[in-house]
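Each chain is listed here by its residues.
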Amino acid sequence: GHLPRVRARLGRVHVVSHTIEPAELLSLRLRSLLLADRMRRRPGEVVEWFGAMQAQDLSSAEWSFGVRSPGLTQAEVHRATVDREILRTWPMRGTVHFVPPRDARWMLQVTAARALAGQARRRANLGLTAATVEMAVDVLGEALRGGGCLTRGECVQLLVDAGVHTAPEHGYHLLLYASQIGVTCMGPQQGKEQTFVLLDEWAPDQRELDRDQALAELALRFVRSHGPVTRHDLARWTGLTVGDARRGLDLAEDHLVRVDCGGITMWMAAAQLEEPTAGPSGVLLLSGFDEYMLGYKDRDAMLSADEFERVVPGRNGVFRPTVVVDGRVAGTWSRALRTSRVDITVTPFRDLTTAQLDEVGRAAAQYGEYLGLT
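The rules behind each value
- Residues numbered from 1 in each chain as written.
- Predicted model: local features only at pLDDT ≥ 70, side-chain atom pairs only at ≥ 80, totals over all residues.
- Heavy atoms only, no water.
- Helix = DSSP H or I, 4+ residues; strand = E, 2+ residues; numbered from the N terminus.
- Rg over C-alpha atoms; globule rule 2.2 N^0.38 Å.
- Buried < 20%, exposed > 50% of the residue type's maximum accessible area, 1.4 Å probe, protein only.
- Contact = heavy atoms within 4.5 Å.
- Areas by Shrake-Rupley, 256 points an atom, 1.4 Å probe, with all protein chains shown as cover.
- Pairing = 2+ DSSP bridges.
- Axes fitted to C-alpha atoms, helices over the stretch in contact; angles between N-to-C directions.
- Salt bridge = Lys/Arg side-chain N within 4 Å of Asp/Glu carboxyl O.
- Expected span 1.5 Å × (residues − 1).
- Polar contact = N/O pair within 3.5 Å; in protein donor to acceptor, adjacent residues only side chain to side chain.
- Phe/Tyr/Trp six-rings, centres within 6.5 Å; stacked < 30°, edge-to-face > 60°.
- Lys, Arg positive; Asp, Glu negative; His and termini not counted.
- Parallel < 35°, antiparallel > 145°, perpendicular 65-115°, else oblique.
- Left-handed = near helix turned anticlockwise from the far one by under 90°.
- Nonpolar A, V, L, I, M, F, W, Y, C, P; charged D, E, K, R; others polar.

S.K.: Whenever I open this one, the overall build of the chain confuses me. Can you help?
M.R.: Summing up its helical and strand segments, the chain has 15 helices and 13 strands in all. For a compact globule of 374 residues, the expected C-alpha radius of gyration is about 21 Å, and the chain comes in at 21 Å, within 12% of that figure. Its C-alpha atoms give the chain principal-axis dimensions of about 60 × 60 × 35 Å. Taking all 374 residues of the chain together, 53% fall into the buried category. A fraction of 68% describes how many contacts in the chain between residues 6 or more apart in sequence connect residues 24 or more apart. Carbon together with sulfur atoms contributes 50% to the accessible area of the chain, which is approximately 16,300 Å² in total.

S.K.: So what exactly am I meant to see when it comes to the sheet that holds strand S13 (residues 342–348) here?
M.R.: Strand pairing in a sheet relies on backbone hydrogen bonds. The paired strands run either parallel or antiparallel. As summarised here, the arrangement of the four strands in space is S10-S11-S12-S13, forming an open sheet in which the pairing is antiparallel. In this open sheet, the two edge strands, each paired with only one partner strand, are strand S10 (283–286) and S13. Each strand axis lies, on average, 30° off the axis of its neighbour in the sheet, ignoring direction. In the sheet, strand S12 (residues 328–337) pairs with S13 via seven bridges, with the strands oriented antiparallel. When the sheet's bridge partners are listed, Ala336 is paired in S13 with Asp343.

S.K.: I tried to follow the pairing of S12 on my own but got confused; where do I start?
M.R.: Note on strand geometry: in a regular strand, side chains alternate between the two faces of the sheet. Relative to S12, strand S11 (residues 322–325) runs antiparallel, the two being bridged by four bridges. Across the sheet, the residue bridging to Val324 is Val329, located in S12. As consecutive antiparallel partners, S12 and S13 are separated by four residues.

S.K.: For this particular structure, what's the right way to read the pattern of salt bridges?
M.R.: Close approach of charged atoms allows side chains of opposite charge to pair. Enumeration over the complete set of coordinates arrives at 21 salt bridges. Glu307 is paired through a salt bridge with Arg328; the nearest N and O atoms lie 3.4 Å apart. Remark: Arg328 occurs in strand S12 and Glu307 occurs in helix H14 (residues 305–311); sequence separation between them is 21 residues. Looking at Glu307, the relative accessible area reads 14%, which means it is buried. Taking the shortest distance from any N to any O, the salt bridge between Glu307 and Arg350 comes out at 3.5 Å. One end of the pair, Glu307, is in helix H14; the other, Arg350, is in the loop between S13 and helix H15 (354–371), and 43 residues separate them in sequence. Because the salt bridges share partners, they merge into one network encompassing Glu48, Arg102, Asp103, Arg207, Glu217 and Arg221.

S.K.: Sorry, what's going on with the sheet that holds strand S1 (residues 18–20) here?
M.R.: If you trace the three strands from one edge of the open sheet to the other, you get S1-S8-S9, paired in mixed fashion. Every other strand in the sheet has two partners, leaving S1 and strand S9 (264–269) as the edge strands with one partner each. Going from strand to strand, the sheet's axes swing by 45° on average, the running direction of each strand aside. Each of S1, strand S8 (256–261) and S9 is contacted by helix H1 (residues 22–32), which is oriented at about 90° to S1, the strand it contacts most.

S.K.: Explanation requested: helix H10 (residues 211–226) in the structure shown.
M.R.: One full turn of an α-helix is made of 3.6 residues, so residues set three or four places apart face in the same direction. Compared with the 22 Å implied by 1.5 Å per residue over 16 residues, the 22 Å span of H10 between its first and last C-alpha is a close match. With 13 of 16 residues buried, H10 lies mostly within the body of the structure. Two or three places before Asp212, at the start of H10, stands the capping residue Asp210, its side-chain oxygen 3.2 Å from that residue's backbone nitrogen.

S.K.: Just checking my understanding: could you explain the packing of aromatic side chains for this structure?
M.R.: Each aromatic ring pair is characterised by the separation of its centres together with the angle its planes make. Using the criterion set out here, one finds ten aromatic pairs in the structure. Ring geometry for Trp63 and Tyr367: centres 4.8 Å apart, planes at 85°, overall edge-to-face. Taken together, the positions of Trp63 in helix H3 (residues 58–66) and Tyr367 in helix H15 put the pair 304 residues apart, joining distant regions of the chain. Given a relative accessible area of 2%, Trp63 falls into the buried group.

S.K.: Before we go on, may I ask you to explain the pairing of S8 in this structure?
M.R.: Extensive coverage of S8 is indicated by the burial of five of its six residues. Pairing of S1 with S8, which is carried by three bridges, proceeds in the parallel orientation. Counterpart to Thr19 in the pairing with S8 is Asp260. Both S8 and S9 contribute to a ladder of six bridges, which runs antiparallel. Residue pairing in the sheet places Asp260 in a bridge with Thr265 of S9. The antiparallel pairing of S8 with S9 creates a hairpin that spans two residues between the two strands, and Gly262 there sits at a positive phi of about 60°.

S.K.: I keep staring at the side chain of Glu62 and nothing clicks. Help me out?
M.R.: Take Glu62: it is sitting in helix H3. Salt bridges are absent for the buried Glu62, whose nearest opposite-charge side chain, Arg88, sits at 7.2 Å. Ignoring sequence-local partners within four residues, the contact set of Glu62 consists of Gln74, Val77, His78 and Tyr370.

S.K.: How do you make sense of the packing of H3 against H15 when you look at a structure like this?
M.R.: Helices that pack against each other are described as a pair by the angle of their axes relative to one another and the distance between those axes. For the pair H3 and H15, interaxial distance at closest approach is 11 Å and the crossing angle is 110°. Accordingly, the angle class assigned to the pair H3 and H15 is roughly perpendicular. Read as a crossing pair, H3 and H15 show a hand that is right-handed. Here Glu62, Trp63 and Gly66 of H3 come into contact with H15, specifically with Gln366, Tyr367 and Tyr370. Residues of the contact of H3 with H15, tallied by class, amount to three nonpolar, two polar and one charged.

Read these as geometric descriptors, not functional statements.
See below:
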C-alpha cells in the first residue's frame, strides 16, 4: 500500500466519533484478518496486507496463508519463498516472521533494536563476547557473498572451522544476530533445515523509510490487518514502546479512525467503516501461531481464561491449533500425517451442532487439499 502522509500531530485532542458494539468486534477483526471472505490470494498479497506474520513454526506459518486463500497449496507457499515473493527473518520481538522482501531492512532497523538489547545480555550470560559475535557475522557474510546459500548446520560448521568453538551450542544466537542487524535472512527451506542467504543479495530492492515513516507504516498495516485494536496491541505486536505505538497511530491518522468499544478506545481502518458488517464466519481451523491469536494483548473476546489454558497449557508460549466458530475459539485440533492422508483430531470445548460438525469436516478437507492429501 501507499505510505500515509506523515505529519507531526502529536499533542492534538482526538475525538472518538464512532461506537461499535462488543458483539461486532470479532466480525470486524475476522474481516481485517482476511478470515471472513477467504478469497484466493497469493502469499505475497497476504503478507503485504499484514506487513509481518508470525513464522517461528514453519508448517504453522504456511497454513496461515492457506486458510486465508482456499485452493492455495503448501507447495505454492514454499514456491513463494523460493521466488522471493515472501521472506523470513527476525524483525520483531526476537521472533521469526514472514515479511514482504522489500520491507525487511526498514522493519529490522525500527523494530529489532529492543530485542537486540535484550539478546546482548543473553549472549553475555552465555559467554559470547562482542568480538566473537562480530567475527561470526564477518565469516557468514564472506561465505555467503556471491549468491551463497547454506543450511543452518553448514553455517554452524563454518563458524567452528573459523575458530568459533562455541558455535554448536550457541549457533542460534549468532545466526539470529546476523539476521537482526540485516546481514543475513532465511532462504528457502531445504527439507527440515533452515537456510541462510545475504539479505542485500536475496532482496536487493529495499524500501528506504525514516523512523517516522516506518512507525506510521507499521501502525497502518497492523490496524488494517487486525483492527479494531488498542495501542497496547500495536506495542505488543511490534515490540515497540507504547509511546512509539502512539506516535505511529498519530502519524497514520489520515487512514485510521478511533472507535469506542465497550468503553475502550480502539483504532480501525477508516475504509472499513464504509464496508458492510460481516456476518458469522463459520468454522475455521487455524494454526497454533496464527495472527488471530497472537495479534492481541487481550483475548477475552475470543475465549475465556479457562479455555486459554487449554490452548496454551501452562501458559508456556506454545499455542495449540484452534477450532474457531463464528469468531470464538471452540476447541483445539491436531494432525497426524500418513502416507496418502492426514488425520485430523478435534477436541471441542463444548458441544458442537451437527451443522458445525459438518463445517469442521469441510475445513479439514480444505486442509487436506492444501497438503495434497485426503
